[in-house]
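Coordinates in review
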Amino acid sequence: MNSLEQAEVIRVVSLIPALVFGNCRDLKAFERRLTEYIHCLQPATGRWRMLLIVVSVCTATGAWNWLIDPETQKVSFFTSLWNHPFFTISCITLIGLFFAGIHKRVVAPSIIAARCRTVLAEYNMSCDDTGKLILKPRPHVQ
């Protein structure tokens, strides 16, 4: 190896730590941003879950009262709904919430984490539900 080749090898080898540590910084920044984003979704997700629980309980309570009412069997369907406005309103509200996409909003952090796992799988990585990166060992080719 001549001196020019040795200088080139030394230059390339000296770049390896910079590349490795640079990638680590990028991974750490990506992990911080992902955990921050998932963490910021948690309060809104909690509120959507509480709203869904309250409306579901109201609908179930209204349905129970609607079903045990002896007048329900004697009158038409629409008249029975008119006689039970609590059930009718809570049922319409629940249907409206589902049309508005509440089923996606209550699981938004899980959707984000699942999509990130799909993309990260190509790089032998994964992440947990909080956004922390999981580095997998490289596959050995023989």
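Residues numbered from 1 in each chain as written. Predicted model: local features only at pLDDT ≥ 70, side-chain atom pairs only at ≥ 80, totals over all residues. Heavy atoms only, no water.

**Notes on helix α6 (residues 108–120)**
The terminal C-alpha atoms of α6 lie 18 Å apart, and with 13 residues this matches the ideal 18 Å at 1.5 Å per residue to within 8%. Considered for burial, the residues of α6 that qualify are Ala-108, Pro-109, Ala-113, Cys-116 and Leu-120. Projected onto a plane normal to the axis of α6, the buried residues spread over an arc of 135° and lie on a single side. In α6, the exposed positions angled more than 90 degrees off the buried face are occupied by Arg-115 and Thr-118. (Helix = DSSP H or I, 4+ residues; strand = E, 2+ residues; numbered from the N terminus. Expected span 1.5 Å × (residues − 1). Buried < 20%, exposed > 50% of the residue type's maximum accessible area, 1.4 Å probe, protein only. Arc of directions from axis to C-beta.)

**Brief notes about the side chain of Ser-126**
Mapped onto the secondary structure, Ser-126 falls in strand β1 (residues 125–127). For Ser-126, the contacting residues outside a window of four places in its chain are Arg-117, Leu-120, Lys-132, Leu-133, Ile-134 and Lys-136. (Contact = heavy atoms within 4.5 Å.)

**Overview of helix α4 (residues 85–99)**
In this model α4 runs 21 Å from its N-terminal to its C-terminal C-alpha over 15 residues, within 8% of the 21 Å that 1.5 Å per residue would give. Of all the positions in α4, only Phe-87, Thr-88, Ser-90, Leu-94 and Leu-97 are classed as buried. With its phi angle positive at about 95°, Gly-101 sits one or two positions after the end of α4.

**Examining a nonpolar patch on the surface**
On the surface, a nonpolar cluster with roughly 290 Å² of combined accessible area is contributed by Met-50, Ile-53 and Val-57. Along the chain, Val-57 falls in helix α1 (residues 3–68). Residue Val-57 is classed as partly exposed on the basis of its relative accessible area, which comes to 48%. (Patch = residues over 30% accessible without salt bridge, like charges linked within 9 Å, V, L, I, M, F, W, Y side chains within 5 Å. Areas by Shrake-Rupley, 256 points an atom, 1.4 Å probe, with all protein chains shown as cover. Salt bridge = Lys/Arg side-chain N within 4 Å of Asp/Glu carboxyl O.)

**A few points about the environment of Ser-56**
Structurally, Ser-56 is set in helix α1. Put simply, Ser-56 and Cys-91 are 35 residues apart on the chain and 8.4 Å apart in space, counted from C-alpha to C-alpha. Side-chain polar atoms of Ser-56 contact the backbone oxygen of Leu-52, separated by 2.7 Å. (Polar contact = N/O pair within 3.5 Å; in protein donor to acceptor, adjacent residues only side chain to side chain.)

**Describing the nonpolar core**
Ranked by size, the top nonpolar core spans eight residues in total: Leu-34, Ile-38, Ala-113, Cys-116, Leu-120, Met-125, Cys-127 and Leu-133. Looking at this core, the elements with two or more residues in it are α1, α6 and β1. The element best represented in this core is α6, accounting for three residues. (Core = buried A, V, L, I, M, F, W, Y, C linked by side-chain atoms within 4.5 Å.)

**Some thoughts on the confidence of the model for the chain**
Detailed reading of the predicted coordinates is not advisable wherever pLDDT is low. Across the chain, the average pLDDT comes to 83, with 82% of residues at or above 70. When mean pLDDT is taken per element in the chain, α4 scores highest with 96 and α1 scores lowest with 76. With pLDDT under 50 throughout, residues 4–21 is counted as low confidence; its partners more than four residues away or in other chains account for three contacts. (pLDDT = per-residue confidence, 0-100.)

**Let's talk about the packing of aromatic side chains**
What the rule picks out here adds up to three aromatic pairs. Taken together, a centroid distance of 6.1 Å and an interplanar angle of 75° make the contact between Trp-66 and Phe-77 edge-to-face. Taken together, the positions of Trp-66 in helix α1 and Phe-77 in helix α3 (residues 77–83) put the pair eleven residues apart, joining distant regions of the chain. By relative accessible area, which is 14% here, Trp-66 ends up buried. Among the residues examined, Phe-77 registers a relative accessible area of 47% and is labelled partly exposed. Ring centres 4.9 Å apart and planes at 15° place the aromatic pair Trp-66 and Phe-87 in the stacked group. With a gap of 21 residues between them, Trp-66 in helix α1 and Phe-87 in helix α4 connect regions that are remote in the sequence. (Phe/Tyr/Trp six-rings, centres within 6.5 Å; stacked < 30°, edge-to-face > 60°.)

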